[in-house]
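Topology and contacts: notes
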Amino acid sequence: EIPLLYSFNSENVTEKGVTFLELRDGHVIARPRTSWPEWYESDTNRPQLRFSPFQAWMNDPNGICFIDGRYHLFYQFHPVESEWGPMHWGHAVSDDLYRWIHLPVFLHPEQNLWSLGATGGAFSGSAFVGQDGKLSFYYTERLPAYDLFKDYKEVQKRVLPSADLLRPDANKLVLVDGPSGSSHDLRDPKVWYDAACGAYRMVLGAAIDGDPAVLLYGSEDGEDWKFMSVLYRASEHFRQHGARCVECPDFFELNGHYVLVMGFVGYTEPETGRHNLLYAQVGTFEGDRFMPATPALQELDFGTDFYAMQSFRAKDRQIAFAWLFNWEFRKPPGSPYSGELSLPRVLGLDAERNLTMMPEKGCQRLRAHNLAQTAPYQFACEPRRPVELSLEGDLDGVQIVARGSDGESFRLAHSARRLELTVAEDNGEIKYRSAPLKLERLTLFFDRGVVEVFANGGAVCGTRRTYKITDLTTLEVKSADSSRIESYEAWSYNSAWSN
Ligand code: FRU
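Keep in mind that what you see is a predicted model, and the values were worked out from it rather than measured.

Parameters at a glance
Residues numbered from 1 in each chain as written. Predicted model: local features only at pLDDT ≥ 70, side-chain atom pairs only at ≥ 80, totals over all residues. Helix = DSSP H or I, 4+ residues; strand = E, 2+ residues; numbered from the N terminus. Buried ≥ 20, exposed ≤ 12 C-beta atoms within 10 Å, placed from the backbone. Contact = placed C-beta atoms within 7 Å. Near = placed C-beta within 6 Å. Nonpolar A, V, L, I, M, F, W, Y, C, P; charged D, E, K, R; others polar. Domains from an automatic or database assignment. Pairing = 2+ DSSP bridges. Axes fitted to C-alpha atoms, helices over the stretch in contact; angles between N-to-C directions. pLDDT = per-residue confidence, 0-100.

Right, let's get into the overall build of the chain. A tally of regular secondary structure across the chain gives 3 helices and 38 strands. Out of the 499 residues belonging to the chain, those deemed buried represent 45%. Counted over contacts in the chain with a minimum sequence separation of 6, partners at least 24 positions apart contribute 57%.

In C-alpha cells:
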C-alpha cells in the first residue's frame, strides 16, 4: 500500500538543504490528502485537470512509466522554493493519468549544492522497463563544483528503485565523458532495448562543435555505454539563433516508424521571438542511423508553453506529458508553486507522417455538465471549472472568442489558412500562428489560464499559459455559415484534485 501522504511541513525544512523531505523512521511527515482539494481548488491559478506540485517549483516530467497498472510520474522539482534551484525528482502516482497522489521526493542532488553556492542536481531522465519487466531509471547528475566552479559537468547515472518505488536502492555512475566535439551539455538520457540487435540503446541531448545534436550510445548490459553516432545534428539556423544544445530528446517507435523529439534550448525563432521550441521528426532507424522521412522538422506547438515533452509506453499506447513552460510569466507573485504539466496526450501518426497528439480520453470521466445544450454556439462557462469545446465540419474561417469578467481573454481564429491564437496580456495582445491547414476538427481546453488547442486530430497543437484571465464567463463560436459545422460539443469539468 503506497502512503497517501506527502511531506511539506515547515518544521521539516530545517535548512535549505537536501535532507528535506526524507522518509523518517519509515513514516512520511505529511499533509493529509484530504487537504488537497481545498488547496488546489481555492488557488484561482491552479489548473484542475493537470498535474502541478503541491508547493514549490517543478519543470520537466521525468521517468514516466506504467507499472503494475499504475502510472508513476517523476518530475524536476525544487522543493523549498517556487523558483528553479538544485534539482530533485518529485514523485506522484495515478490510476488514470488525471488524479494524482503525491509521494515523497525520489531523488536528491548528490551534493549539498546550497553550501557550494551553486546549482545542479538530479536533472532529467527517463524510465526503462527491461525484457524481464524490471524497472530502472537513467538520469543526468549535473555537478556544478566540477573544475573549480568554472564549469559544470553532466554525468549519466542508473538508478534501481526499491520494490515500493519510493526510494533509490542503487545509484550508479554509468557514463562520464562525451565524445570529441561535445561540450559540457550532455544530458537527459532516454533508454530502450533494441530487440533487433539484442542490445541497449540510449539517446542524449548534446551539442557537437557548437551545433545542437542528439547522440546515440549502445550497451550490452545497460551500464557500460559506448558512443555510437551522432543521431541528429541541427542545421546552422539553430545555432545562429541562440540554440546551445538539444534537451530532453525522446526517441521511440510508433506504428512501424521512429519518432525523434527534441527541444532546442536558447533558440529564439527570428520571425516570432518565441524561445526554446520543441520539434519532431519521423523516419526509420537502422543500426546506428536515423533517416528522416522528410527533411523538415515538425513544430510540435504553435504557442509558447509546451516543452520538455516525455513519452512512455502503456500497453499499446504511447502517451506524453510536457511542461507548460514559460520563463516569461512563469507564475503570479506570491504563488505557492510554479510549473504544471500539459494534459496527458496520446501520440499517433497521420497520413503525412506527422506526429499527432490528442488528450487522453480518461478525462471524459471528469465531465460535469453539457454546456452545448444551453444555446447554440454561445454559452456561459461555469465559474472556475475547466471547459472543453470541440467542433467538426468545414471549419475554415471559424472563430472562437473567450471572455472573462475583464473582457476578451483569447481568440482562436482560422484565418488566411492558419490557426491564429490571440491572447490578451497586460502589455497588449500576443498572437501565434500555426502552419497552414484546412481545418476540419478542433478541440480546445481552457483550465484556469491554460489554453490547449488540438486541430485535425492533433496534427496541429497550440499551448499558451496566461495569468491575465484565469476564469472564463462565456465562449462564443462565430462562423459565416454555421451549417458547415457538423458537430459541436461543450463540457464543463470537475476538478481532478477533488476526492
Ligand atoms: C529542460 C532542462 C533539462 C534539464 C532540466 C534541469 O527544461 O533544462 O535539459 O535536465 O531541465 O532542470
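Neighbouring the ligand are the residues Asn59, Asp60, Gln76, Met87, Phe123, Ser124, Thr140, Arg187, Asp188, Glu247, Cys248 and Ala308. Only strand S5 (56-67), strand S9 (121-129), strand S13 (182-194) and strand S17 (245-254) provide two or more residues apiece to the shell around the ligand. For the shell around the ligand, the residue count by class is 4 nonpolar, 4 polar and 4 charged.

Position of Gln364 among the secondary structure elements: in the loop between strand S26 (355-359) and strand S27 (367-370). Considered as a pair, Gln364 and Gly205 are 159 residues apart in the sequence and their alpha carbons are 36 Å apart.

It is worth spelling out the domain arrangement of the chain at this point. Think of interface size as the accessible area that goes away when the parts come together; that is how it is often given. For the chain, the assigned domains read domain 1 (5-250 + 265-272) and domain 2 (368-493). Across the boundary between the two partners, domain 1 contributes 7 residues, which contact 9 residues of domain 2. Across the side of domain 1 that touches domain 2, the residue classes tally to 2 nonpolar, 3 polar and 2 charged.

Read from one edge to the other, the open sheet built from 4 strands follows the order S22-S23-S25-S26, with strand pairing classed as antiparallel. Two strands lie at the open edges of the sheet, namely strand S22 (307-314) and S26, each paired on one side alone. Adjacent strand axes in the sheet meet at a mean angle of 35° when their direction is disregarded.

Glancing now at unusual backbone geometry. One non-glycine residue with positive phi stands out, namely Cys248, at about 45°. Classification of Cys248 as buried rests on a count of 26 C-beta atoms within 10 Å. Its identity is not glycine, yet Ala416 carries a phi of approximately 45°, on the positive side. Note on placement: Ala416 falls in the loop between strand S31 (407-415) and strand S32 (418-425).

As summarised here, the arrangement of the 6 strands in space is S27-S38-S29-S34-S35-S36, forming an open sheet in which the pairing is antiparallel. The open sheet has two edge strands with one neighbour each: S27 and strand S36 (460-465). Averaged over all adjacent pairs, the angle separating strand axes in this sheet is 15°, with direction ignored. The sheet contact formed by strand S29 (residues 387-393) and strand S38 (residues 485-493) spans 7 bridges and is antiparallel. Residue pairing for S38: Leu389 is matched across the bridge by Ala490.

Further remarks concern the pairing of S32. Here 6 bridges tie S31 to S32, and the two strands are oriented antiparallel to one another. Looking at the pairing, Ser415 lines up with Arg418 of S32. Between S31 and S32, which pair antiparallel and follow one another directly, the connecting turn spans 2 residues, one of which, Ala416, has a positive phi of 45°. Once S32 ends, the chain turns through 2 residues before running back antiparallel as strand S33 (residues 428-433).

Right, let's get into the environment of Ile469. Its location among the elements puts Ile469 in the loop between S36 and strand S37 (474-478). The class of Ile469 is buried, set by 22 C-beta atoms lying within 10 Å. With 66 residues separating them along the chain, Ile469 and Arg403 place their C-alpha atoms 8.5 Å apart. Once residues lying within four places of it in the same chain are set aside, the contact partners of Ile469 are Gly404, Asp406, Ser409 and Ala424.

In this fold, Gly362 is placed in the loop between S26 and S27. With 15 C-beta atoms packed within 10 Å, Gly362 lands in the partly exposed category. Sequence separation between Gly362 and Pro86 is 276 residues; the distance between their C-alpha atoms is 34 Å.

Of all 7 residues that make up strand S34 (residues 441-447), 5 are buried, and the element is covered over most of its length. Between S34 and strand S35 (residues 450-455), which pair antiparallel and follow one another directly, the connecting turn spans 2 residues, one of which, Arg448, has a positive phi of 50°.

With that settled, consider the confidence of the model for the chain. Averaged over the chain, the pLDDT score is 88; the fraction of residues at 70 or greater is 89%. Scoring of the predicted complex yields 0.93 for pTM and 0.99 for ipTM.

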